[in-house]
Structure formats: structure tokens, C-alpha cells
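# A structural walkthrough
Listed below, chain by chain, are the residues.
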Amino acid sequence: MMGIPQPAFYIFKCQQSAPAGMPKPSCVSQNNPESLQLFGYLTQVLMQKGIIGTVQPIQTSCLGRCQQGPVILVEPSHTMYVNLTKVKIDRIIEEHIIGGKVVTEYVIDESMWGEPIEPSRVAR
Ligand code: FES
């Protein structure tokens, strides 16, 4: 029996916006007008391509890599894309989400994204 299909991908878009005057950078910022539009743009492109649903865009708070924002995290695969723009969103959807090939030049540097620590190793 066929059930309702799972999404193929979740795209987590950091929507954290630092309050005015806060020195910490954030993924959504008045200083970067394009950053205010990126979640809407992502959703719109997924709709235009007819893949929303099997690709689920999710708004999140801080994903912990604020210096490199705007960021998105693509799951499955733990792929974090940084310094996001509309142009980058277009390529990520075309090449990674539809084409199955990670856009390596937009991926966070390895020095900022080491191997995860298994919870079983650190659990008390
Ligand atoms: S504000 Fe987006 S990762 Fe921290």
C-alpha cells in the first residue's frame, strides 16, 4: 500500500533578525535588503518549479553560523549554504535539489562545519 510520500528535502532557512543596534550579524538584516526577501523567493521558485511539497521550505531561528549569513541548511545531507542570494537559490534548486549535485562553491567552509559529534559519545 502506498502512503503519502515523505518530502525528498527540507530546506531550513534561518530567519533570525538581530534587533537594531545589535553588533552581531544576522541572516535577515535591514543592512542587506535582499536578505529580507530570500525566504519568499525560495518558496516562490519551488512553487514555480512545481516541487513544493516534495521540497519543504522551513523558517528557522539561528542555525549558529551567523557570520556567514544568510544561510540555509538542506536535509538530508547536512549541506549548509552560506552568503545566500537569489542567484544562489536558483542554482541550488536547479543543481542540488533537482539535479542531485551539491553546489560546492556555495557550501560553508569545512573549517566551520566539521564532522558532527555522535550524541551517544557525549551523553551523560
Ligand atoms: S542568525 Fe542565521 S545562523 Fe545565526
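Quick summary incoming for the structure in this document. What you see is a predicted model, and the numbers here were worked out from it, not measured in a lab. (Residues numbered from 1 in each chain as written. Predicted model: local features only at pLDDT ≥ 70, side-chain atom pairs only at ≥ 80, totals over all residues.)

### Thoughts on the overall build of the chain
- Counting its secondary structure elements, the chain contains three helices and four strands.
- Each principal axis of the C-alpha atoms in the chain carries an extent, and together these give about 55 × 45 × 25 Å.
- Within the chain, buried positions represent 23% of all 124 residues.
- By sequence separation, contacts in the chain at least 24 residues apart represent 62% of the contacts at least 6 residues apart. (Helix = DSSP H or I, 4+ residues; strand = E, 2+ residues; numbered from the N terminus. Buried ≥ 20, exposed ≤ 12 C-beta atoms within 10 Å, placed from the backbone. Contact = placed C-beta atoms within 7 Å.)

### Observations concerning the sheet that holds strand E2 (residues 55-60)
- Strand order across the open sheet formed by four strands is E2-E1-E3-E4, with mixed pairing between neighbours. Pairing within the sheet leaves two strands with one partner each, and these edge strands are E2 and strand E4 (79-81). When strand polarity is set aside, the average angle formed by the axes of neighbouring strands in this sheet is 20°.
- Bridging between strand E1 (residues 9-14) and strand E3 (residues 72-75) involves four bridges; their strand directions are antiparallel. Within the sheet, the bridge partner assigned to Tyr10 lies in E3 and is Glu75.
- Its contacts with the sheet place helix H1 (residues 38-48) against E1 and E2, and it is angled at close to 170° to E2. (Pairing = 2+ DSSP bridges. Axes fitted to C-alpha atoms, helices over the stretch in contact; angles between N-to-C directions.)

### Some remarks on helix H2 (residues 86-98)
- For H2, with 13 residues, the first-to-last C-alpha span of 17 Å sits near the 18 Å given by 1.5 Å per residue.
- Taking the largest bend as the criterion, H2 deviates by roughly 30°, centred on Ile92.
- Within H2, burial applies to Ile89, Ile92, Ile93, His96 and Ile97.
- Once H2 finishes, Gly100 follows within two positions and takes phi at roughly 80°, a positive value. (Expected span 1.5 Å × (residues − 1). Bend = angle between axes of the 7 residues up to and from the residue.)

### What to know about the environment of Gly3
- Assignment of secondary structure puts Gly3 in the segment before E1.
- The exposed category is assigned to Gly3, around which 5 C-beta atoms lie within 10 Å.
- Residues Gly3 and Ile98, spaced 95 residues apart in sequence, show a C-alpha to C-alpha distance of 23 Å.

### Regarding the nonpolar core
- Ranked by size, the top nonpolar core spans 20 residues in total, and within it Leu42, Val71, Tyr81 and Ile89 carry the most contacts.
- Going through the elements one at a time, E1, H1, E3, E4 and H2 are the ones with two or more residues in this core.
- If one sorts the elements of this core by residue count, H1 sits on top with five residues.
- Sequence-distant contacts of Val71, that is, excluding residues within four places in its chain, are made with Cys14, Cys27, Leu63, Arg65, Met80, Tyr81, Val82 and Leu84. (Core = buried A, V, L, I, M, F, W, Y, C linked by C-beta atoms within 7 Å.)

### A few points about H1
- Residues of H1 that are buried: Leu38, Phe39, Leu42, Val45 and Leu46. Projection of H1 onto a plane perpendicular to its axis shows the buried side chains occupying an angular sector of 130°, all on one side. Opposite its buried face, H1 presents the exposed residues Gly40, Met47 and Gln48, each directed more than 90 degrees away.
- The inward-facing, buried residues of H1 abut E1, E2 and H2.
- Once H1 finishes, Gly50 follows within two positions and takes phi at roughly 75°, a positive value. (Arc of directions from axis to C-beta.)

Scope: geometric values only; no functional claims are made or implied.
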